[in-house]
Amino acid sequence: QVQLVESGGGLVQAGGSLRLSCAASGRTVSSLPTSWFRQAPGKEREFVAAISSSGGSTDYADSVKGRSTISRDNAKNTVLLQMNSLKPEDTAVYYCAADRTIGIWSRRRRLNAYEYWGQGTQVTVSS
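Here the structure is a predicted model, which means the values were calculated and not measured.

What counts and what doesn't
- Residues numbered from 1 in each chain as written.
- Predicted model: local features only at pLDDT ≥ 70, side-chain atom pairs only at ≥ 80, totals over all residues.
- Heavy atoms only, no water.
- Salt bridge = Lys/Arg side-chain N within 4 Å of Asp/Glu carboxyl O.
- Helix = DSSP H or I, 4+ residues; strand = E, 2+ residues; numbered from the N terminus.
- Buried < 20%, exposed > 50% of the residue type's maximum accessible area, 1.4 Å probe, protein only.
- Pairing = 2+ DSSP bridges.
- Axes fitted to C-alpha atoms, helices over the stretch in contact; angles between N-to-C directions.
- Disulfide = S-S within 2.5 Å.
- Core = buried A, V, L, I, M, F, W, Y, C linked by side-chain atoms within 4.5 Å.
- Contact = heavy atoms within 4.5 Å.

Draft legend 1. Focus on the pattern of salt bridges. Counted by the stated rule, this structure contains six salt bridges. Between Arg38 and Glu46 there is a salt bridge, and its shortest N-O distance comes to 2.7 Å. Asp90 is the salt-bridge partner of Arg67, the closest N and O atoms lying 2.8 Å from each other. With Arg67 in the loop between β6 (58-60) and β7 (68-73) and Asp90 in the loop between β8 (78-83) and β9 (92-98), this residue pair connects regions lying 23 residues apart in the sequence. This pair shows no difference in class: Arg67 is buried, exactly as Asp90 is.

Draft legend 2. The sheet that holds β7, seen in detail. Sheet architecture is open: four strands sit in the order β1-β3-β8-β7, paired in antiparallel fashion. Each having just a single partner strand, β1 (3-7) and β7 make up the two edges of the open sheet. Across the sheet, the mean angle separating the axes of adjacent strands is 20 degrees when strand polarity is ignored. When β7 meets β8, the two strands line up antiparallel, connected through six bridges. Residue pairing in the sheet places Thr69 in a bridge with Gln82 of β8.

Draft legend 3. The arrangement of the state of the cysteines in detail. Counting across every chain of the model gives one disulfide. With a sulfur-sulfur separation of 2.2 Å, Cys22 is cross-linked through a disulfide to Cys96. Linking Cys22 and Cys96, the disulfide has an S-S dihedral of approximately 70 degrees and is accordingly described as right-handed. One end of the pair, Cys22, is in strand β3 (residues 18-25); the other, Cys96, is in strand β9, and 74 residues separate them in sequence. Like Cys96, Cys22 is buried.

Draft legend 4. Quick peek at the nonpolar core. Of all hydrophobic cores here, the largest spans 35 residues; its most connected members are Leu4, Leu20, Trp36, Val48, Ile70, Leu81 and Tyr94. Among the secondary structure elements, those contributing two or more residues to this core are β3, β4 (34-39), β5 (46-51), β8, β9 and β11 (121-126). If near-sequence neighbours (up to four positions away) are discounted, Leu81 is found in contact with Leu18, Arg19, Leu20, Trp36, Val48, Ala49, Ser68, Thr69, Ile70 and Tyr94.

Note that every value here comes from positions in space, so none of it alone points to a role or purpose.
This is the structure in structure tokens:
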């Protein structure tokens, strides 16, 4: 089984930045399309960003577009999410997700498209 572990969350003031990491065990993240989702208390888990297995394609939710960058560090078998200009509404638990299903990229924004999920890392943005 693929296991994903998120890290890099924390407490930051509005306008600050964080870099989240998603590391994989069992197989390389670079071989799988990988996405970030987030969930605030009492709210549904929502799509944040996605990157294709090659890193050649990316996708961002409107809420983070222009403020966030998803990338791959293949040497470390890691997918990164750089988040800048953070807002209090970015406060949530952030999860990485991956799937090896053929054609997953076309369903990259769908929660139920992903088999593998990490435990999440808390991001708290204070005002």
